[in-house]
Structures are given as C-alpha cells and as structure tokens.
Amino acid sequence: MSYGDAMSGRVRSEERRAEIVRAALEVIAERGYRGASLAAVAERVGLTQQGLLHHFPTKDALLVAVLEERDQWDAVPDGRWRVELLASLVEYNAMRPAIIQTFSALLGESVTEGHPARAYFTERYARVRESMADVLRAEYGDRLPNGLTPERTAPLLVAVMDGLQYQWLLDPESVDMPGAFRDFLAMLGEK
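So, a few notes on the structure that sits alongside this text. (Residues numbered from 1 in each chain as written. Predicted model: local features only at pLDDT ≥ 70, side-chain atom pairs only at ≥ 80, totals over all residues. Heavy atoms only, no water.)

### Some details on the overall build of the protein
Thought 1: The secondary structure content of the protein amounts to nine helices and zero strands.
Thought 2: From first element to last, N terminus to C terminus, the protein shows the α and β order α-α-α-α-α-α-α-α-α.
Thought 3: For the protein, buried positions account for 40% of its 191 residues.
Thought 4: The contacts in the protein between residues at least 6 apart in sequence include a share of 61% that link residues at least 24 apart.
Thought 5: Carbon and sulfur atoms provide 54% of the accessible area of the protein, an area that totals close to 10,600 Å². (Helix = DSSP H or I, 4+ residues; strand = E, 2+ residues; numbered from the N terminus. Buried < 20%, exposed > 50% of the residue type's maximum accessible area, 1.4 Å probe, protein only. Contact = heavy atoms within 4.5 Å. Areas by Shrake-Rupley, 256 points an atom, 1.4 Å probe, with all protein chains shown as cover.)

Structure follows, in structure tokens:
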C-alpha cells in the first residue's frame, strides 16, 4: 500500500468517524443517552452495528467523542475567552438548539451515579469555572464591581449560562437567552 493510499484511507476513516459523531449527536438529542442505541446511530449512517464498533468500540467511547466534538465548536482560536465573547457564545448557542439540547440532556443524565459522562462533566466544569475566573480577572481584576472575587463569581456565571439554556429550550418564545445573559453581564458591571 502506498503512502497516498494510506493517507486517503485515514481521511475516509476520519470523515466516517465525524459522520458517526454527528449522527450520535442527533440520536442523543432525540432520545437521551440512555435511550440512544449504537444500532440507531449505525442505522442513521448506513452501517451495521459491527461496522460502527470498528470506529467506536463502546457506546461510552462514542459519547466521549460526541462531548469532545461539542467542546471543539465552542473553542476560541487563541484559547482566551473575554467577557464580550461570552455574550457572542450565548447568541451562537441560540442558533443551534439541537446541540444545546444534546448537551443539556447529557448533563442532566450525568448527575446520576455511574453515568459514563459524569467524570467528563465534573472535570469540564472544574476547567470552565477556572477559565471563567480567568476571564473575569482579566476584565475586572481581583474584585468585580459587585465586590465578589472572580473565583466566587465564576460558578454563578456558568450557572446563568447553563440555566438560561434550560429555560430557553423549554420555552424559546418567552426566554431571550442572549438578552438575559447581557442583563446578567450588566449586573456584574459590564457596560
């Protein structure tokens, strides 16, 4: 096998994995993680379950790939968030309800003991809180205008973002997610 053939095969395999991850996102959004099956994902991409297992050996491995893919969509190119970018992220999320629904469903399910995404979300929230504290410190210094430290405010910021997502998913006509988030930023002292 030539180098070109090997590279072409690798590219096709990566494209197939990406297709499977997208299908898994859809199935999880529709049915939740526990209700999603490898067979349903395989059917959606035109594979047998055995063919899907070639790319993802377990349902848990596929779940981790789905979560990692979702995190890549929210990545900032230079890796440094700023307060104004957070408002843009909330606006962006309002344009992709299926992804937000999948994330929210997985997050809700992950609080149960033994759920395969529990460790992922626990670690993710620790990183996100730390990152948000860094964002707040860069914007406001060691104290926000409300007197709280960035470390005390970071969990509140994350809770508002996620809580607004749940409310918006349940009643998108009544909840202006981007507007409410901008209001929260104003309460922090952001203009």
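Having seen it, we continue.
### Some words on helix α8 (residues 150-170)
Thought 1: Given a rise of 1.5 Å per residue, 21 residues ought to cover 30 Å, and the 30 Å separating the end C-alpha atoms of α8 matches this to within 8%.
Thought 2: Every buried residue belonging to α8 is among Pro150, Thr153, Ala154, Leu157, Val158, Met161, Asp162, Leu164, Gln165 and Trp168, and all of these are buried. One face of α8 carries all of its buried residues, which in axial projection span an arc of 165 degrees. Exposed and facing more than 90 degrees away from the buried side of α8 are Arg152 and Leu170.
Thought 3: Buried residues in α8 make contact with α5 (83-93), α6 (97-110), α7 (118-140) and α9 (177-188). (Expected span 1.5 Å × (residues − 1). Arc of directions from axis to C-beta.)

### Quick notes on the packing of aromatic side chains
Thought 1: Using the criterion set out here, one finds three aromatic pairs in the structure.
Thought 2: Relative to Phe121, the ring of Tyr120 lies with its centre 5.2 Å away and its plane at 80 degrees, an arrangement referred to as edge-to-face.
Thought 3: Looking at Tyr120, the relative accessible area reads 13%, which means it is buried.
Thought 4: Here a set of aromatic residues connected by ring pairs shows up, and it is made of Phe103, Tyr120 and Phe121. (Phe/Tyr/Trp six-rings, centres within 6.5 Å; stacked < 30°, edge-to-face > 60°.)

### Focus on the pattern of salt bridges
Thought 1: On inspection of all chains with the given rule, the structure shows six salt bridges.
Thought 2: Glu30 is paired through a salt bridge with Arg44; the nearest N and O atoms lie 2.9 Å apart. On the criterion of sequence distance, the pair formed by Glu30 in helix α1 (residues 3-35) and Arg44 in helix α2 (residues 38-44) is long-range, its members being 14 residues apart.
Thought 3: In this structure Arg44 comes out as partly exposed when scored by relative accessible area, which is 35%.
Thought 4: Between Arg137 and Glu151 there is a salt bridge whose closest N-O contact spans 2.7 Å. Of this pair, Arg137 sits in helix α7 while Glu151 sits in helix α8; the two residues are 14 residues apart in sequence, bridging distant segments of the chain.
Thought 5: Via salt bridges that share partners, Glu26, Glu30 and Arg44 belong to a single interconnected network. (Salt bridge = Lys/Arg side-chain N within 4 Å of Asp/Glu carboxyl O.)

### What to know about α5
Thought 1: All buried positions along α5 are accounted for by Val83, Leu86, Ala87, Leu89, Val90 and Asn93. What you see down the axis of α5 is that its buried residues fit within an arc of 155 degrees, all on one side.
Thought 2: The inward-facing, buried residues of α5 contact α6, α7, α8 and α9.

That's the geometry; what it means functionally is another story.
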